[in-house]
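# Summary of structural features
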Amino acid sequence: MGQQYRAYSFFTKLTADELWKGALAETGAGARKGRGKRTKKKRRKDLNRGQVIGEGRRGFLWPGLNAPLMREGAVQTIAQRSKEEQEKVEADLVQQREEWDRKRKVKVKRERGWSGNTWGGVSLGPPDPGPNGETYDDFDTRILEVRNVFNMTAKEGRKKSVRVLVAVGNGRGAAGFAVGKATERVDAFRKAKNRAVHYLHYIERYEDHTIFHDISLRFKRTHIKMKKQPRGYGLRCHRAIITICRLIGIKDMYAKVSGSVNMLNLTRGLFHGLSRQETHQQLADKKSLHVVEFREECGPLPIVVASPQGALRKDPEPEDEVPDIKLDWQEVRATQGMKRSVWSNLKRAAT
Amino acid sequence: MATVRASVSLWSLLTGSRSADRVCFRARSRPQFRALLQPLPGPCGAGLPCRRLASEAESGSSQNKKPTFMDEEVQNILIKMTGLDLQKVFKPSIQELKPPTYKLMTQAQLEEATRKAIEAAKVRLKMPPVLEERAPINDVLAEDKILEGTETAKYVFTDISYSIPHRERFIVVREPSGRLRKASWEERDRMIQVYFPKEGRRVLTPVIFKEENLKTMFSQDRHVDVLNLCIAQFEPDSTEYIKIHHQTYEDIDKHGKYDLLRSTRHFGGMAWYLVNKKKIDGLLIDQIQRDLVDDATSLIQLYHLLHPDGQSAQEAKEQAAEGVHLIKIFAKTEAQKGAYIELTLQAYQETFISHSAAS
């Protein structure tokens with residue numbers, strides 16, 4: 001039985017857009033309020049791709065349409081292809097259309113972040129260039145959190161919005177973070193990325209690989225304790241802190257997050273603590289004494305790291321026999337051997 | 001010369017009588033030595049032939065004899081030449097890193113800390129002893145032919161009492177032929193390392209001391225590491241220790257890499273070796289090129305101490321030369337590369353004059 005062919009039917013009375021609108025059913029009660037299933041989504045395909053005005057089943061060659069108009073100055077006449085040629089042309093077209101379909105179906109593998117399905121730790125590339133032509137090519141952006149937040153509206157009820165927390169940094173001390181919110185995920189990424197470049201912090205690093213001194217801070221309900229480590233130690237911290245430190249350019253540090261692990265507060269607290277570091281030069285100027293470093297591997301050799309710019313004080317810093325510092329109970333327990341934890345001294349991948 | 005030969009035989013006799021500890025040897029054997037020495041014709045009636053053992057107390061009597069490595073003036077000269085570069089002495093060693101500690105100090109405290117560091121550096125730069133090669137032990141205690149054929153392996157008997165100095169320990173070997181003999185020096189060192197292990201010393205000689213591997217180390221400029229490993233592994237009077245040290249010094253002299261050993265504890269030993277072999281030209285040129293003319297003059301003074309009968313020593317004494325003049329005399333008389341030394345000296349003097357004119 002041959003294929004049915006009607007020259008004039010329902011399908012020829014409507015435009016391609018109207019037909020597709022009906023077939024895809026994007027608007028409808030099922031699509032609203034997040035009820036649409038991901039597998040039921042159909043993709044629109046342009047059926048006229050590869051079609052040339054003039055090509056037909058009989059294979060006529062119309063000069064000006066599917067054959068060249070002039071040949072050696074003379075206008076050509078209407079001709080017809082042979083049966084074999086016509087079959088070949090049709091087979092070629094079919095093959096080309098199949099190849100286009102195959103290319104469409106290919107799924108691009110998304111770069112894996114902290115784990116398979118999360119957007120945390122995924123890179124978004126450099127931020128877009130600014131209005132005055134400034135480029136941010138050396139900045140890299142990393143997503144820290146993607147969250148679907150809902151807002152109750154009068155008309156639709158629950159309205160979904162995507163909230164993205166993103167950090168940018170150039171690996172040389174300049175870094176910043178920002179939140180972007182939009183209905184679509186891609187728009188939220190773009191908004192956050194471009195906003196983050198406007199809120200940069202410069203963070204001082206000691207010898208470009210670690211912080212100057214141990215920092216323990218509490219931001220809202222998030223406690224962060226950061227320790228300075230020598231070269232080669234790596235970043236043994238919370239995965240978000242590792243991402244941010246890589247963007248800043250810190251290569252060796254230990255950090256412990258206790259209490260709340262809310263990503264926003266964690267980032268805010270981290271930047272708060274790192275920007276308020278006291279460099280060795282500032283410490284020397286404040287106390288008007290030499291800041292001298294003693295390293296285990298160098299023996300008793302004193303290395304002067306910073307000298308006060310103003311006058312040098314003659315009286316030494318008063319030192320008590322028992323230093324008057326606040327001890328951390330968890331640290332004391334760890335050093336005394338009272339802590340039984342499977343997570344301490346766990347062998348992990350480097351950095 | 002006769003005295004030296006006599007002392008060699010005396011040395012083996014005394015090791016035979018198991019009194020080989022350095023301190024005890026000196027204290028106990030001096031009367032024996034003197035008693036045995038009297039019938040022999042010695043060049044001088046007093047004390048020991050020098051360059052024997054650590055004999056700090058002999059400096060008074062050695063003025064007529066050759067100065068030893070451990071003499072005060074020799075040590076002073078060598079310490080001065082070694083220099084004291086704190087950054088090089090306390091170079092970061094390869095170990096598990098810990099975060100550094102910081103202290104706030106006044107200028108006075110800083111100077112105190114630097115002084116303590118200098119003292120620690122001086123302890124680190126203490127020179128290892130330079131001794132003569134030990135004579136091999138060939139002492140048979142018993143020949144029991146009755147035991148021949150009973151065993152198939154040698155048996156080594158070691159006295160492992162804790163409070164005996166290692167040099168006085170009894171270590172004997174019973175061979176399958178029934179012979180009971182004293183263990184040789186290599187066997188002794190191995191056994192003592194097995195029962196009383198010393199840190200950094202392996203029982204069997206490490207592969208790094210083979211010729212090819214030493215060559216690789218030298219090509220990588222790691223002479224200091226070679227010498228440190230050698231000191232850890234061998235005794236100061238063993239054949240391998242002396243051989244490796246001499247090889248290292250020869251290689252340094254050949255390539256002129258004297259600066260590798262400066263501010264280490266091996267510089268004194270190297271300078272002593274070169275002065276005894278009369279090969280100080282390269283070292284002199286290196287010192288003048290680095291503007292260490294005082295060190296150059298002290299090196300030549302050491303040379304004159306050790307070879308007082310040489311031409312340069314005699315001329316220097318006649319002219320009572322000082323400083324640069326002394327170097328010039330040496331360059332003219334006994335140096336092999338005298339022309340080079342004079343050229344470098346000239347260049348140094350020109351730069352010196354231009355500097356002093358500019359400033």
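Residues numbered from 1 in each chain as written. Chains lettered and ligands numbered in written order. Predicted model: local features only at pLDDT ≥ 70, side-chain atom pairs only at ≥ 80, totals over all residues. Heavy atoms only, no water.

### Re the overall build of chain A
Broken down by element type, chain A carries eight helices and 15 strands. Over its C-alpha atoms chain A spans a radius of gyration of 33 Å, topping by over 25% the 20 Å that the globule rule assigns to 351 residues. In chain A, buried positions account for 30% of the 351 residues. Taking the contacts inside chain A whose residues are at least 6 apart along the sequence as the reference set, 49% of them involve residues at least 24 apart. With an accessible surface of roughly 25,000 Å², chain A has 51% of that area assigned to carbon and sulfur atoms. Both charge centroids of chain A, one from 70 positive and one from 42 negative side chains, sit 10 Å from each other. (Helix = DSSP H or I, 4+ residues; strand = E, 2+ residues; numbered from the N terminus. Rg over C-alpha atoms; globule rule 2.2 N^0.38 Å. Buried < 20%, exposed > 50% of the residue type's maximum accessible area, 1.4 Å probe, protein only. Contact = heavy atoms within 4.5 Å. Areas by Shrake-Rupley, 256 points an atom, 1.4 Å probe, with all protein chains shown as cover. Lys, Arg positive; Asp, Glu negative; His and termini not counted. Charge placed at Lys NZ, Arg CZ, Asp CG, Glu CD.)

### Re helix α3 (residues 72-82) of chain B
Residue and element names in this part refer to chain B. Of all the positions in α3, only V74, Q75, I77, L78, M81 and T82 are classed as buried. Viewed end-on, α3 has its buried residues packed into an arc of 160 degrees, placing them on one side of the element. Those residues of α3 that are buried lie in contact with α10 (267-277), α11 (281-289) and α12 (293-306). At the C-terminal side of α3, G83 shows a positive phi close to 80 degrees. (Arc of directions from axis to C-beta.)

### So, the pattern of salt bridges
A full pass over the atoms with the stated rule returns 41 salt bridges over all chains. In this structure, E55 of chain A engages R81 of chain A in a salt bridge whose closest nitrogen and oxygen atoms are separated by 2.8 Å. On the criterion of sequence distance, the pair formed by E55 of chain A in the loop between α2 (16-24) and β1 (60-61) and R81 of chain A in the loop between β4 (79-80) and α3 (83-105) is long-range, its members being 26 residues apart. Using a relative accessible area of 13% as the deciding quantity, one classes R81 of chain A as buried. For K103 of chain A, the salt bridge goes to E99 of chain A, with nearest N and O atoms at 3.4 Å. Taken together, the residues span about one helical turn, with K103 of chain A and E99 of chain A both in helix α3 at a distance of four residues. Look at K103 of chain A and you get exposed, because its relative accessible area is 60%. Taken together, the salt bridges that share partners define one network made up of R134, R167, D189, R201, E235 and D237 of chain B. (Salt bridge = Lys/Arg side-chain N within 4 Å of Asp/Glu carboxyl O.)

### Description of the interface of chain A and chain B
The figure often quoted for interface size is the accessible area lost as the parts come together. Each partner contributes to the interface: chain A provides 31 residues, whereas chain B provides 25 residues. Of the roughly 2,400 Å² buried where chain A meets chain B, counting both sides, 68% is carbon and sulfur surface. For chain A, the biggest contributors to the area lost against chain B are F294, E297 and L301 of chain A; these three give 26% of the whole. The interface formed by chain A and chain B holds one salt bridge in total. Two residues, E296 of chain A and K98 of chain B, come together in a salt bridge whose shortest N-O distance is 3.6 Å. Across the contact surface, chain A and chain B share 10 residue pairs in polar contact (both at pLDDT 80 or more). For the side of chain A that touches chain B, the elements supplying multiple residues, two or more each, are α7 (280-287), β14 (290-294) and β15 (302-306) of chain A. In terms of residue count, the dominant contributor to the side of chain A that touches chain B is β14 of chain A (five residues). Of the residues belonging to the side of chain A that touches chain B, the class tally is 15 nonpolar, four polar and 12 charged. Of the strand pairs in this sheet, β14 of chain A and strand β1 (residues 101-105) of chain B are connected by five bridges, and their pairing is antiparallel. Along β1 of chain B, the bridge assignment pairs V292 of chain A with K103 of chain B. (Buried area = accessible area lost by both parts, 1.4 Å probe. Polar contact = N/O pair within 3.5 Å; in protein donor to acceptor, adjacent residues only side chain to side chain. Nonpolar A, V, L, I, M, F, W, Y, C, P; charged D, E, K, R; others polar. Pairing = 2+ DSSP bridges.)

### A word on the nonpolar core
Residues and elements named next belong to chain B. The biggest cluster of nonpolar side chains holds 41 residues, and the ones touching the most others in it are L78, M270, I280, L284, I327, F330 and I341. Elements that contribute at least two residues to this core include exactly α3, α9 (239-255), α10, α11, α12, α14 (323-333) and α15 (338-358). Excluding anything up to four places from it in sequence, I341 contacts D281, L284, I285, I288, I327, F330, A331 and A335. (Core = buried A, V, L, I, M, F, W, Y, C linked by side-chain atoms within 4.5 Å.)

### Some points on the sheet that holds β1 of chain B
Taken in spatial order, the three strands line up as β15(A)-β14(A)-β1(B) in an open sheet, and their pairing is antiparallel. The outermost strands of the open sheet, each flanked by one partner alone, are β15 of chain A together with β1 of chain B. Here the strands of the sheet are splayed against their neighbours by 40 degrees on average, with no regard to which way each runs. Against the sheet, α7 of chain A engages β14 and β15 of chain A together with β1 of chain B, with an angle of about 90 degrees to β15 of chain A. (Axes fitted to C-alpha atoms, helices over the stretch in contact; angles between N-to-C directions.)

### Looking at the domain arrangement of chain A
Domain boundaries in chain A define domain 1 (58-101), domain 2 (118-277) and domain 3 (279-344). With centres defined by C-alpha atoms, the gap from domain 1 of chain A to domain 2 of chain A works out at 59 Å. (Domains from an automatic or database assignment.)

### Thoughts on the UniProt feature "domain: S5 DRBM" (unreviewed entry) in chain A
Here, the residues flagged by UniProt with the feature "domain: S5 DRBM" (unreviewed entry) are residues 139-203 of chain A. Between the first and last C-alpha atoms of residues 139-203 of chain A the distance is 15 Å; the span itself is 18% helix and 57% strand. (UniProt positions renumbered as here; feature names shortened; annotations may be inferred.)

### A few points about the packing of aromatic side chains
Overall, the coordinates contain 13 aromatic pairs over all chains when judged by the stated rule. An angle of 35 degrees between the planes, with centres 5.7 Å apart, marks the rings of F60 of chain A and W62 of chain A as tilted. The class for F60 of chain A is partly exposed, based on a relative accessible area of 32%. Between the aromatic rings of F69 of chain B and W272 of chain B, the centroid separation amounts to 5.6 Å while the plane-to-plane angle is 75 degrees, which identifies the pairing as edge-to-face. Of this pair, F69 of chain B sits in the loop between α2 (22-37) and α3 while W272 of chain B sits in helix α10; the two residues are 203 residues apart in sequence, bridging distant segments of the chain. Residue F69 of chain B is classed as buried on the basis of its relative accessible area, which comes to 4%. (Phe/Tyr/Trp six-rings, centres within 6.5 Å; stacked < 30°, edge-to-face > 60°.)

### So, the domain arrangement of chain B
Taken domain by domain, chain B consists of domain 1 (72-88 + 110-133 + 201-277), domain 2 (140-183) and domain 3 (278-358). The gap between the C-alpha centroids of domain 1 of chain B and domain 2 of chain B is 36 Å.

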